[in-house]
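Working through the structure, step by step
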Amino acid sequence: MQFEVLARCNTTRARVSRMVLAHGPTMLPTFMPVATQAAIKGLTSQQTEALGVSLILNNTYHLNLRPGINILDQVGGAHAFQGWNRNLLTDSGGFQLVSLSAFTQITEEGALFKSPFDGRMTMLTPEESISIQHAIGADIIMQLDDVVSSLTVGPRVEEAMWRSVRWLDRCIAHHQASGKTATQNLFAIVQGGLDPDLRDKCVNEMIKRKDGVAGFAVGGLSGGEAKDVFWRIIAQCAEKLPADRPRYSMGVGFAEDLLVCVALGIDMADCVFPTRTARFGVALTRNGPLNLKLQRHSRDFAIIEEGCPCPTCTAPISRALLHHQATHETAAAHAITQHNIVFQARLMGGARDAIMNQTFPDYLKTFFRQYFGKQGYPQWCVDALRSVGVDLLEGDSAQIPVVEGDHPNWEYA
Amino acid sequence: MSTISFTLKPDPSSSSTATAGRLGTLLVTRPDGAQLDLETPNFLASTSRGAVPHLSRDHVLASSSTRGLHVTYDSLCVLEQSPPLPPLYPSERPMHDFLAYPPSKHILSLSLRDTDDTRTAPTNGNDFVNVWTARGVRRTVPKPFHDDVVKCHVDILEAISDIPTTAPPYSQRRLEKSVERTSGWLADLLRRHRPEEGSTPGILVNMVGGTSVQARKAFALALQETLDGRKLVDDLLGVSFDLAHLRTILDAAGPTIVVEEDIIEKVQTADSVVLVEEHTVVQPTLDIVEASTAAAEDAEDGSPSTLIASTSTRQPDTSTRHPLVPYLDASLHSIPPSKLRVARSTRSPHDVLLLIRDTGIDLFDARWVQDAASVGVALTFVFPAPSDLPPSSDVGINLYDAAYAYDHQPLTSLPCDCIACAPLPPSAIPHTTSSPSDALPRTEPDAAYRRSYIHHLLRTHEMSAHALLAAHNLSVLERFFASIRHHLLSSEFGEEVERFVRTYDGRMKLLEQARSDWKDVDLARGKGRLAREKVKMAEAEG
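In this text the structure is predicted, and so the values were computed from the model without any measurement.

Attention shifts here to the domain arrangement of chain B. Residue and element names in this part refer to chain B. Under the domain assignment used here, chain B contains domain 1 (1-8 + 25-254 + 321-374) and domain 2 (379-424 + 444-507). Placing the centre of domain 1 and that of domain 2 at their C-alpha centroids yields a distance of 28 Å. Tallying the contact residues gives 31 residues for domain 1 and 31 residues for domain 2. Roughly 2,600 Å² of surface becomes buried between domain 1 and domain 2 when both sides are summed, with 78% attributable to carbon and sulfur atoms. Three residues, His350, Leu353 and Arg357, lead the burial of domain 1 against domain 2; their summed loss comes to 24% of the area buried on that side. Its salt-bridge partner being Arg357, residue Glu498 comes within 2.5 Å of it at the nearest N-O pair. At the junction of domain 1 and domain 2, the tally comes to eleven residue pairs in polar contact (both at pLDDT 80 or more).

Shown next, in the form of structure tokens:
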């Protein structure tokens, strides 16, 4: 991997960088749409690339089950299988330890999964996870980490953190012995739950392994913890993680989450939210999400968002038509998915431009004003951005209320 | 003002061809002079709620098979809106632009109801029809319906017709009403919106009359009636046939057998009735129906079987003549051949070929190829049929089948320009102006999608499988029609149709298996699966 920081924000900890992998460059900060089972749901690879996406995520656990390594080996990897010609990142399967925890048993050796599909038992060791990711052929591969739910308390959290460090060592060893380090780049994942002390220890340990990894991720979050805790962990980790490696916040997210993470020094994020919510009829805009299923959109001939360059808005397809088709026609799911992916990409692209032009604080204020101006700024966003020198309540925004709690923006009937 | 016309191509051969098929051109000219043509025989892609199933707008644009589109008013949710929405769309071609189908690229045809929906409903009246919508049965009144649709500036409009909504059989009286109402509503439409000099919308009328030859002929004659000095039929672009309705009536009428004319008497006095094998195509000619129905009523067992004989003089080959031809022919009896002939609810390529050969249908629907895509079937048939295929070969492949997990070939080895076989190199939307882009120009064409990938998508309940298959199947259909047009006027056309009908399985057994596979995956991975999984786990533990 080539990784080069091109610009740094003078105020926040944001930076613009270029990451060049085996399947081309990806400008950071970026948002990665999730193609869990070797497809962004509803879209072909060409459609995804046409939206301006250069890096997507596949899931190791799922691809290992279906189609399986044999088939991937036969076709030459997941890129060739799904027709995706650009960069690919694979999650190690660690998150499935939490999401499918009813079916999982974790030991030092690895994780024993019972498949909810067919009851088969699969042992996932760090070495096995890396091997599977080798067969998949992703440009960025993730260590197998011992993930606990962010709401877990007690000694299990510390146990998982230390085990993640030990599993990182096993992943590094297995990866380096494979001879694939030139084309596939291993990332470490910082664990430690919501405990700043454990997080600090984990970051220190993983930085010691810096030469064995190409990047660092912050894992174990976005599991329902309070946003006020979330941003502090991100800030703590991003501050200490080396500046010459990309930093990846896993499972992020909503527009406000992404911008806060970028301000705190994060370069990459992934989340199923924009694509999943699209399939349920919700379109993302700078003025907040639009729940197109609501009656109020049934006669609105306007497009989702003026100025949006996505295939749906440029067709132009009206909110009224989407209202009638959403959740009934797969074509509508595809249309809103395309729009939401472009929304996320524009959000990050705009951030990159602003960081390079040293206008990122204004970009943040403008976005938050437009997105949250009516309902009030979430306290946690105000606090997080203040910690890096941006005051959302400055000037004209002083009279906008600030609301406690996580308060994601939503449109109700 | 857009204009629309249908013109037959002259047949260069001096002798009359052995088939009823003909070549034609459906031409739409836009106000700016741009022209859209569909060479016939050809098809219109079906839509659902205005969308081509599974195809987002960029895929519709990338497809050459969606030039002609058919929209049904009932699925646009219009019938619940007050006032209806599409006519209010602020543009000169409201329906095109509301549905986002550029007038420069698409011919849009519209009818009230989806002919494939044969559910029964309360009976129609003199001034209304009952139509199934997403929210149940709705009453539609012809006058406002016609007025609203004309405001939408579609290119082809099928006038509202009185197709009986109750269960068959239909009495003579009911069919007479159908004839009166349909011709009356058509006359009313033409009185208020007489198409001037071929301006859009071109009007079609559904040829009603059920399976009564008398009624069908009567309706055709009703179209000869004059309105302000012109016959109704003169102002029509063409006529349409609802095949699903005919099949519903025939299915309800019970099993049929075919006998030679000279042994009819013997069969009528027999004590029992013998059924022919299920897959033999029978050709009812209704001149005999009344007599044979009486005979059946006299039969000892009282079973409702109907004796049919073929007395038609035009018999290219009695073993494969399309069973609905006698009804279509009765309707076309007094309709000028220059009128466009549209068939809706075809079910197979066999339907298409036989209807072209036997009745000269010009325009078909594509619902069956799109439905095949919805259940994981990639169509592979070609016309003329390859000589090396065994009889009753499948018309396509069911990609749910485990055999395809390791089949890394493209969908077809023949040239295909659909987005699955020849993916379009993407042109990435830029998201930055002052910082660098990460778009990468293509140096090579993208590889075709593999069967193993589409198999994987189907098994994991991924929607993109159906997008790829929908585009592919429409492309297969497009090549099918192009080949038909190429061979239509040759003396071998009839033979080629015969050979195709023998080579490929017209009952499409493949689709039954695919539908069952689709259902299995949907149960395992579709809506409601978490609840089902919980139940399964509880049962496994308990």
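So, on to the UniProt feature "binding site: substrate" (unreviewed entry) in chain A. Residue and element names in this part refer to chain A. According to UniProt, the positions carrying the feature "binding site: substrate" (unreviewed entry) are Asp91, Ser92, Gly93, Gly94, Phe95, Asp145, Gln191 and Gly220. Locating Gly94 in the fold gives a position in helix α5 (residues 94-99). Among all residues touching Gly94, those that are not within four sequence positions of it are Leu144, Asp145 and Val147. With respect to the helices and strands, the residue Gln191 is situated in the loop between β11 (185-190) and α8 (196-208). Gln191 sits in the buried class, given a relative accessible area of 3%. Once residues within four sequence positions are removed from consideration, Gln191 is found in contact with Asp145, Asp146, Val147, Met161, Ser164, Leu198, Arg199, Cys202, Gly219 and Gly220.

All right, on to the domain arrangement of chain A then. All names here are of chain A. Split by domain assignment, chain A resolves into domain 1 (2-271) and domain 2 (278-403). Taking the mean C-alpha position of each, domain 1 and domain 2 sit 26 Å from one another. Taking both sides of the interface into account, the surface hidden between domain 1 and domain 2 amounts to around 3,100 Å²; carbon and sulfur atoms contribute 78%. Contact with domain 2 buries surface across domain 1, with Leu51, Glu256 and Leu259 losing the most and accounting together for 21% of the total. Remark: the boundary between domain 1 and domain 2 carries zero salt bridges. Between domain 1 and domain 2 we count five residue pairs in polar contact (both at pLDDT 80 or more) in total. Elements that contribute at least two residues to the side of domain 1 that touches domain 2 include exactly β1 (2-8), β2 (15-21), β3 (24-28), β4 (30-32), α9 (227-240) and α10 (255-263).

Residues and elements named next belong to chain A. In spatial order, the strands read β7-β8-β9; together these three strands make up an open sheet with antiparallel pairing. Taken across any chain shown, the strands that pair with only one partner, and hence form the sheet edges, are β7 (104-106) and β9 (121-124). On average, each strand axis in the sheet is tilted by 15 degrees relative to the strand beside it, whichever way the strands run. Sheet analysis places strand β8 (residues 111-114) next to β9, joined by four bridges and oriented antiparallel. Considered in β9, the bridge of Phe113 is made with Thr122.

Before going further, it helps to examine the side chain of B:Thr346. Residues and elements named next belong to chain B. Among the structural elements, Thr346 can be located in the loop between β16 (340-344) and α10 (349-359). Residue classification places Thr346 among the buried positions, given a relative accessible area of 2%. Only 2.6 Å separates the side chain of Thr346 from the side chain of Asp365, close enough to count as a polar contact. When sequence neighbours within four positions are dropped, the list of residues in contact with Thr346 reads Leu243, Asp351, Leu355, Phe364, Asp365 and Trp368.

Before going further, it helps to spend a moment on the packing of aromatic side chains. Under the definition given, this model contains 26 aromatic pairs over all chains. With 4.8 Å between their ring centres and 70 degrees between their planes, A:Phe301 and B:Tyr89 make a pair best called edge-to-face. With A:Phe301 in the loop between β16 (290-291) and α12 (311-314) and B:Tyr89 in the loop between β5 (68-72) and α2 (94-98), this pair bridges two chains. The interplanar angle of 40 degrees and the centroid separation of 5.7 Å between the aromatic rings of B:Phe364 and B:Phe481 together place this pair among those described as tilted. With B:Phe364 in strand β17 (residues 363-365) and B:Phe481 in helix α13 (residues 464-487), this pair connects stretches of sequence that are 117 residues apart. Considered together, B:Phe364 and B:Phe481 belong to a single accessibility category, that of buried residues. Connected via pairs of aromatic rings, a cluster forms that spans B:Phe43, B:Phe364, B:Trp368, B:Phe381, B:Phe383, B:Phe480, B:Phe481, B:Phe493, B:Phe500 and B:Tyr504. Sitting above the plane of the B:Tyr101 ring, B:Arg57 keeps its charged end 4.5 Å from the centroid.

On the chain B side, the residues contacting the 68 residues of chain A number 61 residues. Of the roughly 5,300 Å² buried between chain A and chain B on both sides combined, carbon and sulfur atoms contribute 57%. Looking only at chain A, the three residues that lose the most surface to chain B are A:Gln46, A:Arg299 and A:Phe301, adding up to 13% of its buried area. Taken together, chain A and chain B are joined by two salt bridges. The shortest N-O distance in the salt bridge between A:Lys41 and B:Glu462 comes to 2.6 Å. Connecting chain A to chain B are 31 residue pairs in polar contact (both at pLDDT 80 or more).

Residues and elements named next belong to chain A. Scanning the model with the defined rule gives 54 salt bridges over all chains in all. The closest approach of N and O atoms between Lys227 and Asp257, which form a salt bridge, is 3.4 Å. Taken together, the residues span a long stretch of sequence, with Lys227 in helix α9 and Asp257 in helix α10 at a distance of 30 residues. Linked by salt bridges that have partners in common, Glu108, Asp146, Arg156, Glu159, Arg163 and Arg166 make up one network.

In this section: the UniProt feature "domain: tRNA-guanine(15) transglycosylase-like" (unreviewed entry) in chain B. All names here are of chain B. Under the feature "domain: tRNA-guanine(15) transglycosylase-like" (unreviewed entry), the UniProt entry names residues 20-226 and 321-504. Summarising residues 20-226: 25% helix, 22% strand, and an end-to-end C-alpha distance of 28 Å. Within residues 321-504, the helical portion is 39% and the strand portion 8%, while the C-alpha atoms at the span's ends are 16 Å from each other.

Residue and element names in this part refer to chain A. In contact at an axis separation of 9 Å, α10 and helix α16 (residues 379-386) are set at 15 degrees when each is read in the N-to-C sense. Viewed along their axes, α10 and α16 adopt a mutual orientation that is roughly parallel. Two packed elements cross with a definite hand, and for α10 against α16 that hand is left-handed. Residue-level contacts link Glu256, Asp257, Val260 and Ala263 of α10 to Trp380, Cys381, Ala384 and Leu385 of α16. Counted by class, the contact of α10 with α16 contains six nonpolar, no polar and two charged residues.

To continue, consider the packing of α10(B) against helix α14 (residues 493-503) of chain B. Residues and elements named next belong to chain B. As a packed pair, α10 and α14 sit with axes 10 Å apart at the nearest point and diverge in direction by 155 degrees. Judged on the interaxial angle alone, α14 and α10 are roughly antiparallel. Both α10 and α14 take part in a crossing whose hand is left-handed. From α10, Pro349, His350, Leu353, Leu354, Ile356 and Arg357 reach across to α14, where they touch Phe493, Gly494, Val497, Glu498, Phe500 and Val501.

All names here are of chain A. Within this structure, the stated rule accounts for zero disulfides over all chains. No disulfide involves Cys261; its sulfur sits 10 Å from that of Cys381, the nearest cysteine. Lacking any disulfide linkage, Cys271 is separated from the closest cysteine sulfur, that of Cys261, by 11 Å. By relative accessible area, which is 13% here, Cys271 ends up buried.

Look at the link from A:Val252 to A:Gly253: it is a cis peptide, with omega at -20 degrees. Following the sequence through the fold, A:Gly253 ends up in the loop between β13 (247-249) and α10. B:Pro201 follows B:Thr200 through a cis peptide bond whose omega is 0 degrees. Locating B:Pro201 in the fold gives a position in the loop between α4 (172-192) and β10 (202-206). A positive phi angle is found at A:Thr327, which is not glycine, with a value near 70 degrees.

All names here are of chain B. Most of α14 is tucked away: eight of the eleven residues are buried. Of the residues making up α14, those classed as buried are Phe493, Gly494, Glu496, Val497, Glu498, Phe500, Val501 and Thr503. Elements that come into contact with the buried residues of α14 comprise α10 and α13.

About the criteria used
- Residues numbered from 1 in each chain as written.
- Chains lettered and ligands numbered in written order.
- Predicted model: local features only at pLDDT ≥ 70, side-chain atom pairs only at ≥ 80, totals over all residues.
- Heavy atoms only, no water.
- Domains from an automatic or database assignment.
- Contact = heavy atoms within 4.5 Å.
- Buried area = accessible area lost by both parts, 1.4 Å probe.
- Salt bridge = Lys/Arg side-chain N within 4 Å of Asp/Glu carboxyl O.
- Polar contact = N/O pair within 3.5 Å; in protein donor to acceptor, adjacent residues only side chain to side chain.
- UniProt positions renumbered as here; feature names shortened; annotations may be inferred.
- Helix = DSSP H or I, 4+ residues; strand = E, 2+ residues; numbered from the N terminus.
- Buried < 20%, exposed > 50% of the residue type's maximum accessible area, 1.4 Å probe, protein only.
- Pairing = 2+ DSSP bridges.
- Axes fitted to C-alpha atoms, helices over the stretch in contact; angles between N-to-C directions.
- Phe/Tyr/Trp six-rings, centres within 6.5 Å; stacked < 30°, edge-to-face > 60°.
- Lys NZ or Arg CZ within 6 Å of the ring centre and 35° of its normal.
- Parallel < 35°, antiparallel > 145°, perpendicular 65-115°, else oblique.
- Left-handed = near helix turned anticlockwise from the far one by under 90°.
- Nonpolar A, V, L, I, M, F, W, Y, C, P; charged D, E, K, R; others polar.
- Disulfide = S-S within 2.5 Å.

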